[in-house]
Amino acid sequence: MIELENVGLAYGNGPDILQNVYLHIGRGDLRFLTGASGSGKSTLLRLLFLALQPHQGMARVLGKDVASHTPQSRARLRRKLGVVFQDFRLLDHLTIFENVELPLRAAGGEPGKHTNDVNDLLDWVGLKERARDFPNTLSGGEKQRVAIARAVVTKPELILADEPTGNVDPAMAKRLLRLFLELNRLGTTVLFATHDKHLIERSGGQVIHLMPGGRLSQ
Amino acid sequence: MTTASKLNPSPIFPNAAAHLRSLAMTMAVMCYLAGLAVVSLLIVQHTARAWAEGLSHEATVQLQHLSNVDEEQELTKALALIKSTRGVISAAALDKSAGAKLLEPWLGKGVTDDLPIPRLIRIAIDEHNPPDFAQLEATLTAKVKGVSLDTHRRWQAQLSRMGTSLVFLASLILALITLASVILVSYTARGVIAANTAIIEVLELVGAEPRFISRQNDKQFFTTGLFAGVIGMFASLLTCAAVYYGGGFTDGSAMDLGAMFNFENFGERVIAGLALVPLLATLIAVWVSRLTLLQHLKKNS
Ligand SMILES: Nc1ncnc2c1ncn2[C@@H]1O[C@H](COP(=O)(O)OP(=O)(O)OP(=O)(O)O)[C@@H](O)[C@H]1O
Ligand SMILES: [Mg+2]
């Protein structure tokens, strides 16, 4: 699923954010990614959803080297990923329903064709009643739940979640975690960045720790 | 809720309206100018051809009025010679008053009676088998006094030269309008892209292919191009109609557009030429904006 060999990564000519990173995540695994704020968790995830390129080493996602993509193959690979962005990245001019439906439309689906799937998911994250509202009328935690629904709506092979429970109360965090655990049980690979020790203990997943200086300890 | 989103999904690029509105307006003006250029081009082409056509099956022989020569006798001689030439369908002398009438508008009534007015013979020519004019001229000048032959060839050449240069000018104008439209659309497309950068980025992140993203764009530029083209086309059509009916061209004067419309399907060609305007405008709007966006997506990755 994910193979990183001796990866080094920096923003432009800046300092290395990741250094000598080795990481192997197999199909169906569940991993938590922890590390101090600014340690590079989001950066690692960006590498994995093909928004950044390593300047050193080799990175493979779903069996393909991240450096060898064309715009088409990159889009194809991204449709097999479900990404929860730390800053949500919802589209303010689309309704909650349309935001969640967007990856299905991007994959060539007709608008309105997967209405039931979308509604079920919105129900799970507790936002069924808000389906016709727009994102800027939601709280941070509510937006986060929309972002999660959008990430999983296509039943992706690999979920990359960047602190997906960072803005919700413990009860909701537990409920959302159940969603990820359930998807993982059905075979989805999950990489879950979080600071929440309780959540990690509750789930029994393995932890990858990003240390200052950009090295991993597993 | 479900039916609403089914029937009317929100456009994926929302921040384009202002850019597209100004594009629609400027492009409509471009299309209007293009429409006028197309009609002018067709009119020039047609007039030149219609006139040349008229000239090519006619020739004129002129007999100078000479004081010590019997005019009628020379005229009969010339007529006989002309009629016996191969390729001449008919020849007729205009009588004296007809020649005078031709000059009347310049000289005034009555004045012409005392003037030495040349006599004219109008020759109808078989277009497909025209006479040997050099031979005819040589024979005539040898046997008839004060004769000269006007085959209108010089006029034809000048007409066709003028026609060619005017057609060239109109084509140049059309090419420049096209170029300006291309620049305009590309500029607008870049504005739309800049206004929707964040949205385009999210689309890319959720796995939308460049084709999908540019399709969102196509729809808006398609309607804009078509709208501008149709408005421009009808405006130029209205202008032509106003010039035709309001400009005194209906009275059978030299520029008889009415008659021209019946010559070689001129009307149909004007309609076809004008219909090309919205077609081309739509094509330019869609293709140039698509290329601009695809270029942007490529550069981004
Ligand atoms: N676009 C960028 N350009 C330059 N530097 C960046 C950029 N994004 C992040 N960085 C730097 O990279 C480092 C790692 O950032 P990153 O966002 O990956 O941390 P993080 O582990 O996700 O932190 P947090 O837990 O706060 O989300 C930080 O020092 C940050 O300043
Ligand atoms: Mg982060």
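Just so it is clear, the model here is predicted, and its values are computed rather than measured.

Draft legend 1. Highlighting the overall build of chain B. From N to C terminus, chain B includes ten helices and four strands. Listed N to C, the secondary structure of chain B is α-α-β-α-β-α-β-α-β-α-α-α-α-α in terms of helices and strands. Here chain B holds 301 residues, and the buried ones make up 40% of them. Residue pairs at least 24 apart in sequence account for 87% of intrachain contacts in chain B once pairs closer than 6 positions are excluded. Taken as a whole, chain B presents about 16,600 Å² of accessible surface, with 64% of it coming from carbon and sulfur.

Draft legend 2. Up close: the coordination of the magnesium ion (ligand 2). Protein coordination at the magnesium ion (ligand 2): the donors are S42 of chain A (OG) and Q86 of chain A (OE1), at 1.9 to 2.2 Å from the metal. Here the residue S42 of chain A occupies a position in helix α1 (residues 41-48), and Q86 of chain A occupies one in the loop between β6 (81-84) and α3 (96-106), the gap between them amounting to 44 residues.

Draft legend 3. Examining the site of ligand 1 more closely. All names here are of chain A. Of all residues adjacent to ligand 1, which total 14 residues, the nearest are S37, K41, S42, T43 and Q86. Take S39: an N or O atom from its main chain is 3.3 Å from an oxygen atom of ligand 1. Contact distances for ligand 1 include 2.7 Å between an oxygen atom and a side-chain N or O atom of S42. Protein chains shield 60% of the accessible area of ligand 1, which is 630 Å² for the free molecule. At four residues, α1 tops the list of elements feeding residues into the shell around ligand 1. When grouped by side-chain class, the residues that make up the shell around ligand 1 number three nonpolar, eight polar and three charged.

Draft legend 4. Spotlight on unusual backbone geometry. Residues and elements named next belong to chain A. Of note in the backbone geometry, N20 takes a positive phi value of approximately 45 degrees without being a glycine. Residue classification places N20 among the partly exposed positions, given a relative accessible area of 31%. Unlike most non-glycine residues, K155 shows phi in positive territory, near 50 degrees. Position of K155 relative to the elements: it lies in the loop between α5 (140-152) and β7 (158-162). Among the residues examined, K155 registers a relative accessible area of 63% and is labelled exposed.

Draft legend 5. Structural detail: the interface of chain B and chain A. With 24 residues of chain B at the contact, the number on the chain A side is 25 residues. Where chain B abuts chain A, roughly 2,300 Å² becomes buried across the two surfaces, and 66% of that area is made up of carbon and sulfur atoms. The tally of links between chain B and chain A comes to two salt bridges. One salt bridge in this structure joins E209 of chain B and R79 of chain A, with 3.0 Å as the shortest N-O distance. Run the count over chain B and chain A and you get four residue pairs in polar contact (both at pLDDT 80 or more). Where the side of chain B that touches chain A is concerned, the elements lending two or more residues are α1 (2-7), α7 (197-205) and α8 (210-246) of chain B. With six residues, the top contributor of residues to the side of chain B that touches chain A is α7 of chain B.

Draft legend 6. Representation of helix α2 (residues 71-78) of chain A. Turning to α2 of chain A, its buried residues are S73, R74, A75, L77 and R78 of chain A. Residues of α2 of chain A that are buried make contact with β4 (56-61), β5 (64-65) and β6 of chain A together with α7 of chain B.

Draft legend 7. Fine view of the sheet that holds strand β2 (residues 16-25) of chain A. All names here are of chain A. One open sheet holds the four strands; their spatial order is β2-β1-β4-β5, and the pairing between them is antiparallel. Of all the strands in the sheet, the pair left with one neighbour each is β2 and β5. The pairing of strand β1 (residues 2-10) with β2 spans six bridges and is antiparallel. Bridge assignment links L4 to a residue of β2, and that residue is L23. Where α1 meets the sheet, its contacts fall on β1, β2 and β4, and the angle it forms with β1 comes to roughly 120 degrees.

Draft legend 8. Focus on the pairing of strand β8 (residues 189-193) of chain A. Residue and element names in this part refer to chain A. When you tally the buried positions in β8, you get five out of five residues, the bulk of the element. Of the two faces of β8, the one carrying T189, L191 and A193 and the one carrying V190 and F192 are both buried. In the sheet, strand β3 (residues 30-35) pairs with β8 via four bridges, with the strands oriented parallel. Each residue of the ladder has a partner; that of L30, found in β8, is V190. Two elements, β7 and β8, share five bridges in a ladder whose sense is parallel. Bridge pairing in β8 links L158 to T189.

Scoring rules and cut-offs
- Residues numbered from 1 in each chain as written.
- Chains lettered and ligands numbered in written order.
- Predicted model: local features only at pLDDT ≥ 70, side-chain atom pairs only at ≥ 80, totals over all residues.
- Heavy atoms only, no water.
- Helix = DSSP H or I, 4+ residues; strand = E, 2+ residues; numbered from the N terminus.
- Buried < 20%, exposed > 50% of the residue type's maximum accessible area, 1.4 Å probe, protein only.
- Contact = heavy atoms within 4.5 Å.
- Areas by Shrake-Rupley, 256 points an atom, 1.4 Å probe, with all protein chains shown as cover.
- Donors = N, O, S within 2.8 Å, 3.2 Å for Na, K, Ca; no water.
- Near = heavy atom within 4 Å.
- Polar contact = N/O pair within 3.5 Å; in protein donor to acceptor, adjacent residues only side chain to side chain.
- Nonpolar A, V, L, I, M, F, W, Y, C, P; charged D, E, K, R; others polar.
- Buried area = accessible area lost by both parts, 1.4 Å probe.
- Salt bridge = Lys/Arg side-chain N within 4 Å of Asp/Glu carboxyl O.
- Pairing = 2+ DSSP bridges.
- Axes fitted to C-alpha atoms, helices over the stretch in contact; angles between N-to-C directions.

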